Amino acid sequence: MLSCTMNNRKLKEIFNKEHFRGEVRFDEPMSAHTSLRIGGPAEVMAFPEDPVSLKNILLSANREQIPVFVFGGGTNLLVQDGGIEGLVISLKAFNRIDFARETDDKKAVLFAGAGAMLSSLISFSQKNGLAGIEALAGIPGYLGGAVYMNAGSFGVEIKDVLVCIAVMDMNGEISILNKDQLNFSYRSSNLPESLMILSANIALNRDNPDDISKRIKEFLQRKRDTQPLGDSSAGCVFKNPEGNAAGRLIDAAGCKGMRIGNVEVSAVHANYFINKGGAACRDFIELMDKVKVRVRKHSGVILEPEIKIVGKKN
Ligand SMILES: Cc1cc2nc3c(=O)[nH]c(=O)nc-3n(C[C@H](O)[C@H](O)[C@H](O)COP(=O)(O)OP(=O)(O)OC[C@H]3O[C@@H](n4cnc5c(N)ncnc54)[C@H](O)[C@@H]3O)c2cc1C
C-alpha cells in the first residue's frame, strides 16, 4: 500500500465534488461502518453513485498516488486503531438486483450490483422462485464482499452459483471475468487487489417459493442456535483447518470466555470474538495471538485468520 501523507485541505481539493456524484467524507471513523464497531478513521471515504463517478474518483486518487481500499459491508474486517490511509470506497449505491437472463423454465441468471446486500439477493431470489443460495442466509454484508471472500455456509459457497463478475481497475477500465478466471478456494477468490467488483451474475434453479422460504428459515434457525448473531463480531476469526473446525479447536484449548480489554471469545461459538463495547483493535489482535498460541500448544494446529486486518496501528 502506498502511504498517503496529505493534509486534509489537500484531500478536500482532490476529492471535490465537481467530477462525480456521491458523498465524500473526511476522517470518517471506520468503527461506524464495521460490524465489529472497531476501527480508526479513513482519511477519505467516498460513496460514488455510478460507475463514471467511481472512475473519476479512482483517476483522481491515481493521479495523486493515493492508496485505495474497497469496502463492502465491513462484516469481515478488522480495521486497526490508526485508521486507513488514503481513500476508502463504498459501493453501497451499486445495489440493483434484476434478471440478466431468463434462461428457461429450469434456470435463470440474476444480475446484482456489488453493493446489494446478500440478504436482499436471497430474498429477491426467494420471491422469484429461484433456489441455490438459501444456505447463505444469515451471512451479512454485500455481494461484492461475498464474492471477494467466497462466502459460504452449510456446504454452499458463492462460487457455486457465480457465472461472472464485472470489475473495474484503478484506471477505471471495466472488464468481465468468468468464474474460472478467479481461482476460488476456501474463503478466497484470489482477485487482485487492484480490481474492484462492480457486479456479479449468478445462475439459480427454479423452485417453489414456499419451499425456498422454508429452507431459508431452517438455515437461519441453525445459525441462530449456534452463533452469537446479536453481538458485535466479524463472524469467524480463523479459517477452519482442513477436516476440522476452528471453533472446536479453540473451545478444546479452553479459550471460551477469554478476554483482553473489551474483546471476548464468545461463549456461544469460540471462533467468534465479541466487542463488548468500545474495544480496541490492538486488544483484538492480542487476543487472536493468545488463542493461536493456546490452540497450537493444545492440538498442534496453526490457525490462519479468516478476517481481513487492514489499516495502520496507532
Ligand atoms: C454475524 C456474522 C456471521 C457471518 N457468517 C458468515 C458465514 O456463515 N460464512 C461466511 O463466509 N462469512 C460469514 N461472515 C463474514 C462476512 O459476513 C462475509 O465474509 C461477507 O461476505 C463479507 O462481505 P462484506 O461486504 O461485509 O465485505 P467486507 O468485510 O467489507 O470486505 C471483505 C473483503 O472483501 C473486499 N471487498 C469488498 N467488496 C469488494 C468489491 N466490491 N470488490 C473487491 N473487493 C471487495 C474488501 O476489500 C475486503 O478485503 C459473517 C460475519 C458476521 C458478522
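Residues numbered from 1 in each chain as written. Predicted model: local features only at pLDDT ≥ 70, side-chain atom pairs only at ≥ 80, totals over all residues. Heavy atoms only, no water.

(A) The packing of aromatic side chains, seen in detail. Applying the stated criterion to the full structure yields 4 aromatic pairs. Look at Phe 238 and Phe 273: their rings are 6.2 Å apart centre to centre, the planes differ by 75°, and that puts the pair in the edge-to-face class. Pair noted here: Phe 238 is in the loop between helix H5 (209–226) and helix H6 (246–252) and Phe 273 is in strand S16 (residues 273–275), with a separation of 35 residues, a long-range link. Pairwise contacts between aromatic rings join Phe 238, Phe 273 and Phe 284 into one cluster. (Phe/Tyr/Trp six-rings, centres within 6.5 Å; stacked < 30°, edge-to-face > 60°. Helix = DSSP H or I, 4+ residues; strand = E, 2+ residues; numbered from the N terminus.)

(B) Summary view of the site of the ligand. Taken together, 35 residues surround the ligand, and among them Val 70, Gly 72, Gly 73, Thr 75 and Gly 152 come closest. A distance of 2.8 Å separates an oxygen atom of the ligand from a polar atom in the backbone of Gly 72. In the model, an oxygen atom of the ligand is placed 3.2 Å from a nitrogen or oxygen of the Arg 187 side chain. Protein chains bury 95% of the 980 Å² of accessible surface belonging to the ligand in isolation. Residue assignment for the shell around the ligand shows that the elements contributing at least two residues are strand S3 (68–71), helix H4 (143–149), strand S9 (152–153) and strand S13 (196–206). No other element matches H4, which puts 5 residues into the shell around the ligand. Of the residues contributing to the shell around the ligand, the split by class is 19 nonpolar, 13 polar and 3 charged. Each of domain 1 (8–90) and domain 2 (97–226) gives at least three residues to the shell around the ligand. (Near = heavy atom within 4 Å. Polar contact = N/O pair within 3.5 Å; in protein donor to acceptor, adjacent residues only side chain to side chain. Areas by Shrake-Rupley, 256 points an atom, 1.4 Å probe, with all protein chains shown as cover. Nonpolar A, V, L, I, M, F, W, Y, C, P; charged D, E, K, R; others polar. Domains from an automatic or database assignment.)

(C) Fine view of the domain arrangement of the protein chain. Along its sequence, the protein chain is carved into domain 1 (8–90), domain 2 (97–226) and domain 3 (246–310). Of note, the centres of domain 2 and domain 3, computed from C-alpha atoms alone, are 29 Å apart. Across the boundary between the two partners, domain 2 contributes 5 residues, which contact 4 residues of domain 3. Of all residues in domain 2, Met 149, Arg 187 and Thr 226 bury the most surface against domain 3, accounting for 78% of the area lost on that side. The closest approach of N and O atoms between Arg 187 and Glu 306, which form a salt bridge, is 3.6 Å. In this assembly, domain 2 and domain 3 are joined by 0 residue pairs in polar contact (both at pLDDT 80 or more). Of the residues that constitute the side of domain 2 that touches domain 3, the class distribution is 3 nonpolar, 1 polar and 1 charged. (Contact = heavy atoms within 4.5 Å. Buried area = accessible area lost by both parts, 1.4 Å probe. Salt bridge = Lys/Arg side-chain N within 4 Å of Asp/Glu carboxyl O.)

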